[in-house]
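A structural walkthrough
Next come the chains, spelled out residue by residue.
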Amino acid sequence: MLQEKITQYTAEINAFTTTNADELEQFRIKFLGTKGIIKDIFDEFKAVSPEEKRTLGKVLNEFKQLAEAKYQSLKEEGGQDQGGKDAGMDLTLPGEGFEVGARHPLALVRREIVEIFNKLGFSVAEGPEIEDDWHNFSALNFPEEHPARDMQDTFFIKKGGEKGDIALRTHTSSVQVRMMEHGQPPFRALMPGRVYRNEAISARAHCFFHQIEGLYVDEKVSFADLKQTLFYFVQELYGEGTKVRFRPSYFPFTEPSAEMDISCTICKGDGCQLCKHSGWVEILGCGMVDPNVLENCGIDSKKYSGFAFGMGIERIANLKFEIKDLRLFSENDVRFLKQFKSALI
Ligand code: DAH
């Protein structure tokens, strides 16, 4: 009796070939389920005579294994056909995709500036953000009583030290000193980096921002070289026809010193809110490296001369992208940062 049933079901199992998930589930319930055929057969088996048990036992186990193996192999096969659906994933679904990030606007601007000066043979140098008094002030010819040396303007970290008080650098001009101390001219370098000042945070001021310092020291470097270099830079960055003008200014580390304006990038000189209706916007400070600075760094000021300049990257980015609030640069708001995607390459 039992043997007949097994023979009959074995034929049925062998003939079963569908990988359809629903039918396969029916198959599982029918044969392998808790109320299925195999359970029934094993129940019946308990009642057969001991002699029969000896021969049937093996047959029964083989039958059970056959049903299980069939179910497993059809399930796997079906899973593959359906893109792994039964394995918990559906490979036919479209991929999830991932968003391509965007470069930070300040990084974009920094790179653009560096590339322009690269063409003129300027390399890139960096220095520490935690700086001593010598590199940030004294070597740069800052007088003892200069307001930048006041707690109100500078974040001091530690009093005293081999090279004076330790502070967060207030400008990247400190990197000039480090560069000149460690070699002899010619120097032609760009020094980008973050700087810190003790300012209340607002749309127009921040306690940290970014600068790019430029330095060119060699024999017979003149103010004409400075003007031509910066003129070229402006044409490259803002397009040909952008005008520049130099206004006399003062910095302890340059003599003479100047501030450079460009014709307003928005109104092209006609007058608008950005340029406060003057037609001009200031973009950097510059000048001829003061001979005292050269000497402080161990460079013969009779033989060598040089020019230097320094600009705020945020300022350049503001002009380029018309960003009105400085705080946006450091808030990491994805809605803001996403807008610079098109500028990515
Ligand atoms: N260090 C100046 C500042 O933070 C910027 C500057 C002006 C740098 C003139 C220079 C320079 O190298 O020659 O405002």
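Residues numbered from 1 in each chain as written. Predicted model: local features only at pLDDT ≥ 70, side-chain atom pairs only at ≥ 80, totals over all residues. Heavy atoms only, no water.

Further remarks concern the packing of helix α5 (residues 105-118) against helix α10 (residues 313-321). Relative placement of two packed helices is described by the angle separating their axes and the distance separating the axes. At a minimum axis separation of 9 Å, α5 and α10 run at an interaxial angle of 100 degrees. Judged on the interaxial angle alone, α10 and α5 are roughly perpendicular. Between α5, through Pro 105, Leu 106, Leu 108, Val 109, Arg 110, Glu 112 and Ile 113, and α10, the contact on the second element is made entirely by Ile 313, Glu 314, Ile 316, Ala 317, Lys 320 and Phe 321. Residue composition of the contact of α5 with α10, grouped by class: 9 nonpolar, no polar and 4 charged. (Axes fitted to C-alpha atoms, helices over the stretch in contact; angles between N-to-C directions. Helix = DSSP H or I, 4+ residues; strand = E, 2+ residues; numbered from the N terminus. Parallel < 35°, antiparallel > 145°, perpendicular 65-115°, else oblique. Contact = heavy atoms within 4.5 Å. Nonpolar A, V, L, I, M, F, W, Y, C, P; charged D, E, K, R; others polar.)

Strand order in the open sheet formed by 3 strands is β2-β4-β3, and the pairing between neighbours is antiparallel. The open sheet has two edge strands, β2 (130-132) and β3 (156-158), and neither has a second partner. Across the sheet, the mean angle from the axis of one strand to that of its neighbour is 40 degrees, orientation sign disregarded. Looking at chain direction, β2 and strand β4 (residues 166-168) are connected through 3 bridges and run antiparallel. Looking at β4, one finds that Asp 132 is bridged to Ile 166. (Pairing = 2+ DSSP bridges.)

Its place among the elements puts Lys 338 in the segment after α11 (334-337). Residue classification places Lys 338 among the partly exposed residues on the basis of a relative accessible area of 41%. Spatially, the C-alpha atoms of Lys 338 and Thr 242 are 29 Å apart, while their sequence positions differ by 96 residues. (Buried < 20%, exposed > 50% of the residue type's maximum accessible area, 1.4 Å probe, protein only.)

Attention now moves to the sheet that holds strand β6 (residues 208-219). The sheet built from 7 strands is open, its strands ordered β1-β5-β6-β10-β9-β8-β7 with mixed pairing. A single partner strand is all that each edge strand has here, and the edge strands are β1 (123-124) and β7 (244-251). Here 5 bridges tie strand β9 (residues 280-289) to strand β10 (residues 304-312), and the two strands are oriented antiparallel to one another. Its bridge partner lying in β10, Gly 287 is registered against Ala 308. Relative to the sheet, helix α7 (residues 173-181) contacts β5 (187-196), β6, β9 and β10, its axis offset from that of β6 by approximately 35 degrees. Along the sheet, α10 contacts β6, β8 (254-263), β9 and β10; its crossing angle with β10, the most-contacted strand, is approximately 55 degrees.

The next thing to look at is the pairing of β7. Pairing geometry for β7 and β8, over 7 bridges, is antiparallel. Along β8, the bridge assignment pairs Ser 249 with Ser 257. Where β7 hands over to β8, the hairpin turn is made up of 2 residues, counted between the paired strands.

On to the layout of surface pockets. Of the voids in this model, the second largest pocket is the one considered here, and its volume is about 200 Å³. If you go around the second largest pocket, you meet 14 residues; those closest to its centre are His 104, Leu 106, Arg 194, His 210 and Phe 329. If you list the elements that add at least two residues to the lining of the second largest pocket, you get α5, β6 and α10. Of the residues assigned to the lining of the second largest pocket, the class counts are 7 nonpolar, 4 polar and 3 charged. (1 Å grid on protein atoms, 1.4 Å probe; cavity = no way out; pocket = protein on both sides within 12 Å on 5 of 7 lines; lining within 4 Å. Points joined across faces, edges and corners; volume = space filled by probe spheres on them.)

With that settled, the discussion passes to empty space enclosed by the protein. Here the structure, examined in full by the defined rule, presents 1 cavity of 30 Å³ or more. The space that makes up the largest cavity amounts to roughly 40 Å³. What lines the largest cavity is Glu 131, Asp 132, Asp 133, Asn 136, Phe 137, Phe 156, Asp 165, Ala 167, Leu 168 and Arg 169. Mapped by element, the contributors of at least two residues to the lining of the largest cavity are β2, α6 (133-136) and β4. A per-class count over the lining of the largest cavity returns 4 nonpolar, 1 polar and 5 charged.

Let us now look at unusual backbone geometry. Among all residues save glycine, negative phi is the norm, and among peptide bonds the norm is trans. Note the cis peptide between Pro 185 and Pro 186, where omega equals 5 degrees. Looking at the secondary structure, you find Pro 186 in the loop between α7 and β5. That bond from Glu 255 to Pro 256 is cis: its omega, -5 degrees, falls within 30 degrees of zero. Mapped onto the secondary structure, Pro 256 falls in strand β8. The phi dihedral of Lys 220 falls on the positive side, at around 60 degrees, and the residue is not glycine. Tracing the backbone through its elements, the reader meets Lys 220 in the loop between β6 and α8 (223-238). For Lys 276, which is not glycine, the phi torsion reads 50 degrees and is therefore positive. Here Lys 276 is to be found in the loop between β8 and β9.

Structural measurements only, silent on function.
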